[in-house]
Amino acid sequence: MGRTSAQGRTNAVRTHRQQVGLTQAELAVACGVARQTVVAVEAGDYAPSVYLALDLARLLSATVESLFDAERAPLDPAPGDLS
Amino acid sequence: MTRTDPLVRLARVVGDFGSPFYDEERQRDVWNEASAFGLQLVLWTTMLSATLAIWIVGAPAVPYVVAALCLLGAVCMLTIGYAQRLGVTVTDPGRMLRLRLLLYILLFLALCAGLLRAAFLRETFSASFAVGLASGAGAALFALTVLALVSRRRSRT
């Protein structure tokens, strides 16, 4: 997405998915979304809906809280931003 | 907010909200952003084209420019109206007062200046038409103000 909806928040979806042994495509099919959606969620470019977050947590045997960190990652300063 | 509101029902039909395309949530979000981009693009290109047309072609372009502006205004009002029906106000002064609004106002003033120039310098386009155009614009502004006040009063109650 042009404007990242996750607002720089990190998540542990990729780690949990790898621990469970699922591919992005398999996880996407299980959740009923496109693979690009899983890619975007893992990259922190897309904040999933509460229902998708619950599906992800269920499929990855985790909780929503453990998947999605409430803290925002520090944003990279814009080029030329001296502040 | 009511789902049986005529404007909401119209938007649902015209926007094809029931399409399976909208089932996938990120696809829906991305398309929403693409639609916003498209609307802004239509807004700017129409205004720019209208301004260029009125300054280059002159009076013969006036009916087409006025028609395009009326169409654009109606589409924008419907878009804003739909958002307001669902509780999203996009006309807050704090949100609107941005550089892009200034650019848009400048473009609009250039367009108005072009219309006035066409009204007073060309034989085929009389000054009386310009007066009529100004009266129409004033009436439209008045109607929009009344509508905004009524909708604000409704939302408060």
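Located above this text is the structure these notes cover.
Residues numbered from 1 in each chain as written. Chains lettered and ligands numbered in written order. Predicted model: local features only at pLDDT ≥ 70, side-chain atom pairs only at ≥ 80, totals over all residues. Heavy atoms only, no water.

### Focus on the overall build of chain B
Right, so step 1: Helix and strand counts for chain B stand at six helices and zero strands.
Right, so step 2: Going from N to C terminus, chain B has its helices and strands arranged as α-α-α-α-α-α.
Right, so step 3: Across the 157 residues that make up chain B, the buried fraction comes to 21%.
Right, so step 4: Long-range pairs, those at least 24 residues apart, make up 65% of the contacts in chain B between residues at least 6 apart in sequence.
Right, so step 5: Surface accessibility of chain B: about 10,900 Å² in total, with carbon and sulfur atoms responsible for 70%. (Helix = DSSP H or I, 4+ residues; strand = E, 2+ residues; numbered from the N terminus. Buried < 20%, exposed > 50% of the residue type's maximum accessible area, 1.4 Å probe, protein only. Contact = heavy atoms within 4.5 Å. Areas by Shrake-Rupley, 256 points an atom, 1.4 Å probe, with all protein chains shown as cover.)

### Brief notes about the packing of aromatic side chains
For any two aromatic rings, the description comes down to two numbers: the centre-to-centre distance and the angle of the planes.
All names here are of chain B.
Right, so step 1: Within this structure, the stated rule accounts for five aromatic pairs over all chains.
Right, so step 2: Ring geometry for F17 versus Y22: centroids 6.1 Å apart, planes at 90°, classification edge-to-face.
Right, so step 3: A relative accessible area of 36% places F17 in the partly exposed class.
Right, so step 4: Judged by centre distance (5.1 Å) and plane angle (90°), the rings of W44 and Y104 are edge-to-face. Linking W44 in helix α2 (residues 25-56) with Y104 in helix α5 (residues 99-121), this pair joins segments that are 60 residues apart in sequence.
Right, so step 5: Residue W44 is classed as partly exposed on the basis of its relative accessible area of 25%.
Right, so step 6: Taken together, F17, F21, Y22, W31 and Y82 form an aromatic cluster joined through their ring pairs. (Phe/Tyr/Trp six-rings, centres within 6.5 Å; stacked < 30°, edge-to-face > 60°.)

### Some thoughts on the interface of chain A and chain B
Right, so step 1: The interface is formed by 12 residues belonging to chain A together with six residues belonging to chain B.
Right, so step 2: For the pair chain A and chain B, the summed buried surface comes to about 780 Å²; carbon and sulfur atoms form 44% of the total.
Right, so step 3: For the pair chain A and chain B, the number of links is zero salt bridges.
Right, so step 4: It is helix α3 (residues 35-42) of chain A that provides the largest number of residues to the side of chain A that touches chain B, a total of three residues.
Right, so step 5: Looking at side-chain class alone, the side of chain A that touches chain B contains seven nonpolar, four polar and one charged residues. (Buried area = accessible area lost by both parts, 1.4 Å probe. Salt bridge = Lys/Arg side-chain N within 4 Å of Asp/Glu carboxyl O. Nonpolar A, V, L, I, M, F, W, Y, C, P; charged D, E, K, R; others polar.)

### A closer look at the side chain of A:H16
Residue and element names in this part refer to chain A.
Right, so step 1: Note that H16 resides in helix α1 (residues 13-20).
Right, so step 2: Of note is the side chain of H16, whose polar atom sits 2.9 Å from the backbone oxygen of A12.
Right, so step 3: Non-local contacts of H16, meaning those with residues more than four positions away in its chain, are made with L60, A62, S66 and L67. (Polar contact = N/O pair within 3.5 Å; in protein donor to acceptor, adjacent residues only side chain to side chain.)

### Considerations on the pattern of salt bridges
Here the idea is simple: oppositely charged side chains can pair when their charged atoms come close.
All names here are of chain A.
Right, so step 1: What the rule picks out here adds up to four salt bridges over all chains.
Right, so step 2: A salt bridge links E42 to R17, with the shortest nitrogen-to-oxygen separation between them at 2.5 Å. Note that E42 is positioned in helix α3 and R17 in helix α1, a separation of 25 residues in sequence.
Right, so step 3: Residue classification places E42 among the buried residues on the basis of a relative accessible area of 9%.
Right, so step 4: Owing to a relative accessible area of 7%, R17 belongs among the buried residues under this scheme.
Right, so step 5: D55 is the salt-bridge partner of R58, the closest N and O atoms lying 3.3 Å from each other.

### Quick notes on the packing of α2(B) against helix α3 (residues 62-85) of chain B
All names here are of chain B.
Right, so step 1: Contact geometry of α2 with α3 gives a least axis separation of 10 Å together with a crossing angle of 160°. Viewed along their axes, α2 and α3 adopt a mutual orientation that is roughly antiparallel. Between α2 and α3 lies a crossing whose hand is left-handed. Within the contact between the two elements, α2 uses L39, V42, L43, T46, M47, A50, A53 and I54 and α3 uses V62, V65, A68, L69, L72, V75, C76 and T79. (Axes fitted to C-alpha atoms, helices over the stretch in contact; angles between N-to-C directions. Parallel < 35°, antiparallel > 145°, perpendicular 65-115°, else oblique. Left-handed = near helix turned anticlockwise from the far one by under 90°.)

Function-wise, these values are silent; they only describe arrangement.
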